[in-house]
Amino acid sequence: MESTPARPPHRLDPSGGCPHAVNARLLADGAVAPVELPGGIAGMAVLGHEALKEFLQHPEVAKNARHFRALQEGRIAPGWPMLTFATVRGMTTADGDDHRRLRSLAARAFTPHRVAELRPMIEELTASLLDDLARAAAAGDGVADLRRHFALPLPMSVIGELLGVETEFRDRLHHLSDQVVATDTTPDRAIAANRELVAVLGEIAAAKAARPGDDLTSALIAARDEGGDRLGDQELIGTLVLMIVAGHETTLNLITNAVRALCDHRDQLDLVRAGKAGWADVVEETLRWDAPVSYFPFRYPVRDLTVAGTLVPAGTPVLAGYSAAGRDPAAHGPDADRFDVTRPARPDAVRHLSLGHGAHYCLGAPLARLEAGIALERLFTRFPALELAADEAGLLPHAGFVGNSVRSLPVRLAPPEG
């Protein structure tokens, strides 16, 4: 297939914003779009569902930054805000045997059996956080920030328990991970946040090495010690960075976006309450309709590739456009931009790609689905009249174009008196 003529690159806004209008405009011109990354770095975004599915499992597409041409040519500054995505040592930047080795070490914490064992703990934690949310609302004239008091501490506590991270570290780790994934940060702040994150995780790892426990961090350290070259120091820290960031940011955005969607589409909430759809359907439709990750960095063609008729030169940093693919009419029909919790039940439904595809499919997907399903069911059961306490259009978007959500979500738990 011949390549299409080059399109002018779309400059991604480093400060982020709701991606859907931009996605629709870009997707109307083709499934693959040239983009300008922060610092004027040329990249590409794969936006169409079928094109993205093909690209995510293409044998000549790599994750290791040695294939990132601009980086290898010295054109990436040390404080580039997206540098961690490219250079962190872990499974998201590894290929082939290295990727399989790193993934297998972490996979033991995310087996179906291990995830099922976490259900009682997640249910207990959810109940406790709903109490906290109620107290926050009582202190705030009936209004509380659901993101801060519920959607954030749930996944952060769960991943903290899995990794054996003490409670006093968790707020700090969330703050640092927020800075690491932001695309609008300054070079000085980016460097400082990365250094501090590595230092904090190094402190946690040193404590676990001295006093091992029944947690994933201790297991990773033991695997490193017993296997010699199985897991190096940088790989250990890189794996912990991935677990902390991906282990809570995705689920935080998923829960937040699902609550927004249900509050804005009360008819869909009524379908769930009437038994015509389940909470798992809500989770899947939210993943498709308002993906928690919008543009995920990076993949690099190891040779020039033509994807959906567009040339993607070797060494180009490519973003996986999950939020665009989720609303691609070619895959999800002419009503792709409509939130419909009955959609996953249709026999002709196309599954979304919002948790990845192929060898790098999200390792924590079963856990994210479990957490979100429990959280939403318990939230709307406890507070059936819950509603947004601010206009949807006035909610501030998440900083950066990687994550897709809002910075806070004020909700009213019960109708105002009088």
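For the structure, check the block above.
Residues numbered from 1 in each chain as written. Predicted model: local features only at pLDDT ≥ 70, side-chain atom pairs only at ≥ 80, totals over all residues. Heavy atoms only, no water.

**Q** How do you make sense of the side chain of Asn-253 when you look at a structure like this?
**A** By secondary structure assignment, the location of Asn-253 is in helix α13 (residues 233–264). Residue Asn-253 is classed as buried on the basis of its relative accessible area, which comes to 2%. In this view, Asn-253 contacts Arg-147, Pro-292, His-398, Gly-403, Asn-404 and Ser-405; residues no more than four positions away in its chain are not counted. (Helix = DSSP H or I, 4+ residues; strand = E, 2+ residues; numbered from the N terminus. Buried < 20%, exposed > 50% of the residue type's maximum accessible area, 1.4 Å probe, protein only. Contact = heavy atoms within 4.5 Å.)

**Q** It is not clear to me how the packing of helix α9 (residues 153–163) against α13 should be interpreted in this structure. Could you clarify?
**A** Helices that pack against each other are described as a pair by the angle of their axes relative to one another and the distance between those axes. Between α9 and α13, the shortest axis-to-axis distance is 8 Å and the interhelical angle comes to 155°. With respect to α13, the axis of α9 lies roughly antiparallel. The two elements α9 and α13 meet at a crossing, and its hand is right-handed. Taken together, the residues of α13 that come into contact with α9 (itself represented by Leu-154, Pro-155, Met-156, Ile-159 and Leu-163) are Leu-240, Met-243, Ile-244, Gly-247, His-248, Thr-251, Leu-252 and Ile-255. (Axes fitted to C-alpha atoms, helices over the stretch in contact; angles between N-to-C directions. Parallel < 35°, antiparallel > 145°, perpendicular 65-115°, else oblique. Left-handed = near helix turned anticlockwise from the far one by under 90°.)

**Q** I keep staring at the nonpolar core and nothing clicks. Help me out?
**A** It is characteristic of soluble globular proteins that their nonpolar side chains tend to be buried jointly. In this structure, Leu-37, Leu-146, Leu-173, Val-259, Leu-319, Leu-379 and Leu-386 are the most contacted members of the largest nonpolar core, which totals 134 residues. Looking at which element gives the most residues to this core, the answer is α13, with 16 residues. Other than its neighbours up to four places away in sequence, Leu-146 contacts Leu-133, Ala-151, Val-259, Leu-379, Leu-386, Leu-409 and Val-411. (Core = buried A, V, L, I, M, F, W, Y, C linked by side-chain atoms within 4.5 Å.)

**Q** Sorry, what's going on with the packing of aromatic side chains here?
**A** Within the structure shown, the criterion is met by nine aromatic pairs. Between Phe-68 and Trp-80, the aromatic rings sit 6.1 Å apart at their centres with planes inclined by 55°, giving tilted as the arrangement. With a gap of 12 residues between them, Phe-68 in the loop between β4 (61–62) and α3 (69–72) and Trp-80 in the loop between α3 and α4 (83–87) connect regions that are remote in the sequence. Judged on exposure class, the residue Phe-68 and its partner Trp-80 are both buried. Ring centres of Phe-298 and Tyr-300 lie 6.3 Å apart, and the angle between their planes is 35°; on these two criteria the pair is classed as tilted. When its relative accessible area of 0% is taken as the criterion, Tyr-300 is described as buried. (Phe/Tyr/Trp six-rings, centres within 6.5 Å; stacked < 30°, edge-to-face > 60°.)

**Q** Just checking my understanding: could you explain the sheet that holds strand β2 (residues 32–37) for this structure?
**A** Strand pairs in the sheet, formed through backbone hydrogen bonds, run parallel or antiparallel to each other. Ordered by their spatial adjacency, six strands build an open sheet running β1-β2-β3-β9-β6-β4, and the pairing between neighbours is mixed. Each edge of the open sheet carries a strand with a single partner, namely β1 (10–11) and β4. In the sheet, β2 pairs with strand β3 (residues 41–46) via six bridges, with the strands oriented antiparallel. Note on β3: the bridge partner recorded for Leu-37 is Ile-41. (Pairing = 2+ DSSP bridges.)

**Q** It is not clear to me how the pairing of strand β9 (residues 318–321) should be interpreted in this structure. Could you clarify?
**A** For a regular strand, side-chain orientation follows a simple rule: the groups alternate between the two sheet faces. Residues Val-318 and Ala-320 line one face of β9 and the alternating positions Leu-319 and Gly-321 line the opposite face, and both faces are buried. As paired strands, β3 and β9 are joined by three bridges and run parallel to one another. When the sheet's bridge partners are listed, Met-44 is paired in β9 with Val-318. In this sheet, β9 lies alongside strand β6 (residues 295–301) in antiparallel orientation, the contact comprising three bridges. Paired with Phe-296 across the strands is Ala-320, a residue of β9.

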